[in-house]
Amino acid sequence: MGVVHIGFVLAFSLPDSELPENIEELYQKKYKKILSFLYKHPEMRLSLFVSGRILEWIEKKHDEIISICSEMIDRRQIEVLGGGYYEPAFPLLLPADRSAQIEALTTSIRKAAGKKPRGVYLTESLWDPSLISSFNTCGIEYTLLDSRLIPQNGFRPVSVFSPLVVEEMGKTTTVIPLHQSSLPRSGQAPSEYLEFTHTIASSGDSSILACVFTPRYFYTLLEEGWFERFTELLAKDDITSLTLPQRYLKQYRARFSAYIPAGCMSEAAIWTLEPFIPHTRVFSESMRPTVKDFLTVYPEARSLYSRMIYVSMLINQCRGDKLRKKAAREELHAAQHFAPYIYKGKGGISDRVLRGRTYRRLLNAEKILREAFDFKENAGAFDFTMSGRRDFLCCFAAFNAFFTLQGGLLFELDIMSNAANYCAAARHCAKDGSAYALYEKKMFIDHLWDYDDFKSFTSAFYTGVPVFAASEYKELAFDRIKKEIRLTVSGVWGKDRLPVTLKKNYSVSENGVICQYILKNEGGQPLKAKFAVEHNISLPSIDGKSLNAEAVVCDARDTLCTESTYIRQSGISFVQLTDTASEVNFIFEPNESCGFYLAPFYTDLQTEDGSFVKQYEAHTCAFYWDVDLLSGMETEKILNFTIKTSKKNTVAKKTKKR
């Protein structure tokens, strides 16, 4: 029988890029007891991962922790692991950002503890072979990965209790497999766990069993006295011992070569097949979920990812003004925390507040870059969403407006004064993901409804088959100077499948957007329907109660209730929606009086205790007209959308002075 070395890892991770408000309370009640136990028990060896934000807090509030940890490092009791400063989803980052995140945390650890980390901790085991090159660049020698990511079959057996060497493009790194299923259970006798480790020792001469504890679970076992009793048993045992990864790798040079394809922990992977519905059997030779699968399954994740890559490219292209470039990169790195890009049954991409905070950091980075050079309003067309089609970006001092051919809609509206994206609503509604819109809940969404469709839309959640909203529009022309976008789409309407066409012409300026519609009946029968334009305006506030709505109804001004459903069948000629918290005004003016619908839109958010609460996503509004077209006839509708902000962009002021 061989020996088994246990490599416990204690990971102080954050659920997002912000420190929890009760971190001081957590330290005093739990973390301090953990630290005290480790200091008093030199035989309790483990590896420690501390995120960059927590390390910042320690240096400012409790620098005594650094002194204690430094002493434990010197007596070779603990080893500090590196990683990304803001715990990013590494496979989603550009190589420059990967290296910068690793180097930032490495520098902080070296300054605090006086020793450079040689290993990295990958949150959720978000792995991609391309990371090997970045690890080599940063002097990283090994990483820890979920053992379930290691391919296994009868023709290619690979030991999951031994270090593995993985290679990519001539660069190599060492992988220590993690066995999360082998964590000691609460209430389990230490002797029982020790016997379990003896079964592993029979698999090789020098096996290693590594697993990661959260501080909460570590504290639970600590309160049970589990670790103290376990170390007492280890002192009398000749087979099992506690070790540190770097020490083990130096002592045992034997390695097995393997190829580990991209993947992530199964706790996250089970949510990658369809939105908000878990599937337990996700790992096979033909199916290996990765973090990129979240981008294909959850449109909200892809939108955030596209925006993050865009800002990263803007920073890399910036020349001069190193201080502002550094500040912008700090905001970018904070926005690269893994949480808003994945889903694990709660929080993550489903958390609107978290998405809004991430967008705010990305927009703040863009604002800083605008101050670094003479910003001028511009328009361009390229594949921003990485969908294989052109998107249209119109950037002004006060706002950004991004348009896409999918649905022909406005998919991102960034107000620069308060760094908020007002087109950030999610598509899902019910807690099980069953009520999932067939189109993006953005702005300038086109509909052609019959009575049942209208009733379905205004009752709660539209479940009909969209005529235009889910279609891909065709680009007719794009003028980057005039900032005009001309689109067209065809569809069929009603039970008789009447063919219709819609021409949609955007004209964008520093004041807002003018959208012209030309709807034509291409069929042989009359068309009687409601043509509607839907908007989903997502306020930055948590509950959306900062929205104030006014309308001109039959030439009389009226104040609308924004906390319940408002429906007016006709007579609307003017609507003003005001975010009172940020003093941002959105004004809608149709060329013909029309009907109007306004209601708050909510989704279900799962909390830490497993319960569900209603979460504000946006205010949904729709302008609609009754259309009655004979065969071959067409009608024109125009909707003028004006944006007014109270604060002028500082870049605009600078430009004016010059």
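Computed from a prediction, not measured in an experiment: that's the story for all the values here.

Student: I'm lost on the packing of aromatic side chains in this one. Help?
Tutor: Aromatic ring pairs are reported here in terms of the distance separating the ring centres and the angle at which the planes meet. Counted under the stated rule, the structure contains 48 aromatic pairs. Where Tyr248 meets Tyr252, the ring centres are 5.1 Å apart and the plane angle is 35°; that geometry is what we call tilted. Looking at Tyr248, the relative accessible area reads 1%, which means it is buried. Tyr252 sits in the partly exposed class, given a relative accessible area of 22%. Where Tyr298 meets Tyr343, the ring centres are 6.1 Å apart and the plane angle is 45°; that geometry is what we call tilted. With Tyr298 in the loop between α11 (291-297) and α12 (299-317) and Tyr343 in the loop between α13 (322-334) and α14 (352-372), this pair connects stretches of sequence that are 45 residues apart. For Tyr298, a relative accessible area of 0% puts it in the buried group. Look at Tyr343 and you get buried, because its relative accessible area is 5%. Chaining the aromatic ring pairs together yields one cluster made of Phe8, Phe37, Tyr193, Phe196, Phe213, Tyr217, Phe218, Trp226, Phe227 and Phe230. Lying across the ring of Tyr39, Arg75 places its NZ or CZ 5.0 Å from the centre. Above the plane of the ring of Phe601 lies Lys441, whose end atom (NZ or CZ) is 5.2 Å from the centre.

Student: Looking at this structure, how should I read the pattern of salt bridges?
Tutor: Note on pairing: side chains with opposite charge can pair once their charged atoms come close. If you walk through the whole model with that rule in mind, you get 26 salt bridges. One salt bridge connects Arg357 with Asp16, and the closest N-O pair in it is separated by 3.3 Å. With Arg357 in helix α14 and Asp16 in the loop between β1 (3-12) and α1 (23-40), the pair connects residues that are 341 residues apart, well separated along the chain. Across the pair Glu366 and Arg370 runs a salt bridge, and its minimum N-O distance is 3.3 Å. Of this pair, Glu366 and Arg370 both sit in helix α14, separated by 4 residues, roughly a single helical turn. On the accessibility criterion, Glu366 (4% relative accessible area) is buried. Residue Arg370 is classed as buried on the basis of its relative accessible area, which comes to 2%.

Student: Can you help me understand the side chain of Glu412 in this one?
Tutor: With respect to the helices, strands and loops of the structure, Glu412 is situated in strand β14 (residues 410-415). Note on Glu412: relative accessible area 2%, which makes it buried. Residues in contact with Glu412, not counting those within four places in the same chain, are Arg307, Tyr359, Phe384, Asn400, Ala401, Phe402, Asn421 and Cys423.

Student: Explain helix α15 (residues 451-459) to me, please; I cannot follow it from the model alone.
Tutor: Turning to α15, its buried residues are Asp453, Phe454, Ser456, Phe457 and Thr458. On the buried face of α15, the contacting elements are β16 (443-449), β21 (527-537), β24 (566-579), β26 (594-606) and β27 (612-629). Where α15 starts, the residue carrying a side-chain oxygen 3.2 Å from the main-chain nitrogen of Asp452 turns out to be Asp450.

Student: Would you explain the environment of Gly345 in this entry?
Tutor: Structurally, Gly345 can be placed in the loop between α13 and α14. Distance from Gly345 to Asp479, taken between C-alpha atoms, is 44 Å for residues 134 residues apart in sequence. The contacts of Gly345, once residues within four sequence positions are left out, are Trp271 and Gln606.

Student: Hey, could you run me through α14 in this one?
Tutor: Since the α-helix advances by 3.6 residues per turn, residues separated by three or four positions end up pointing in the same direction. An ideal rise of 1.5 Å per residue puts 30 Å on 21 residues; α14 measures up with 30 Å between its terminal C-alpha atoms. The opening residue of α14 is Asp351, an N-cap whose side-chain oxygen sits 3.0 Å from the backbone nitrogen of Val353.

Student: Quick question: what am I supposed to make of empty space enclosed by the protein here?
Tutor: Over the atoms rolls a probe the size of a water molecule, and its path tells where empty space is left. Within the structure shown, the criterion is met by 6 cavities of 30 Å³ or more. Of the pockets and cavities examined, the largest cavity occupies roughly 380 Å³. Every residue lining the largest cavity is counted, 24 residues in all, and those nearest its centre are Leu48, Val50, Ile58, Ile65 and Cys69. The set of elements that each furnish at least two residues to the lining of the largest cavity consists of β1, α1, β2 (46-50), α2 (52-61), α3 (64-74), β3 (78-81) and α4 (95-113). Taken together, the residues of the lining of the largest cavity sort by class into 24 nonpolar, no polar and no charged.

Student: How should the pairing of strand β6 (residues 164-168) be read in this particular structure?
Tutor: Two faces belong to every sheet, and in a regular strand the side chains alternate between them. Taken together, the 5 bridges between β6 and strand β7 (residues 171-178) define a ladder with antiparallel strand orientation. When the sheet's bridge partners are listed, Val165 is paired in β7 with Thr174. Where β6 hands over to β7, the hairpin turn is made up of 2 residues, of which Met169 adopts a positive phi near 55°. Pairing geometry for β6 and strand β10 (residues 256-257), over 2 bridges, is parallel. Residue pairing in the sheet places Val165 in a bridge with Ser257 of β10.

Cut-offs used in this document
Residues numbered from 1 in each chain as written. Predicted model: local features only at pLDDT ≥ 70, side-chain atom pairs only at ≥ 80, totals over all residues. Heavy atoms only, no water. Phe/Tyr/Trp six-rings, centres within 6.5 Å; stacked < 30°, edge-to-face > 60°. Buried < 20%, exposed > 50% of the residue type's maximum accessible area, 1.4 Å probe, protein only. Helix = DSSP H or I, 4+ residues; strand = E, 2+ residues; numbered from the N terminus. Lys NZ or Arg CZ within 6 Å of the ring centre and 35° of its normal. Salt bridge = Lys/Arg side-chain N within 4 Å of Asp/Glu carboxyl O. Contact = heavy atoms within 4.5 Å. Polar contact = N/O pair within 3.5 Å; in protein donor to acceptor, adjacent residues only side chain to side chain. Expected span 1.5 Å × (residues − 1). 1 Å grid on protein atoms, 1.4 Å probe; cavity = no way out; pocket = protein on both sides within 12 Å on 5 of 7 lines; lining within 4 Å. Points joined across faces, edges and corners; volume = space filled by probe spheres on them. Nonpolar A, V, L, I, M, F, W, Y, C, P; charged D, E, K, R; others polar. Pairing = 2+ DSSP bridges.

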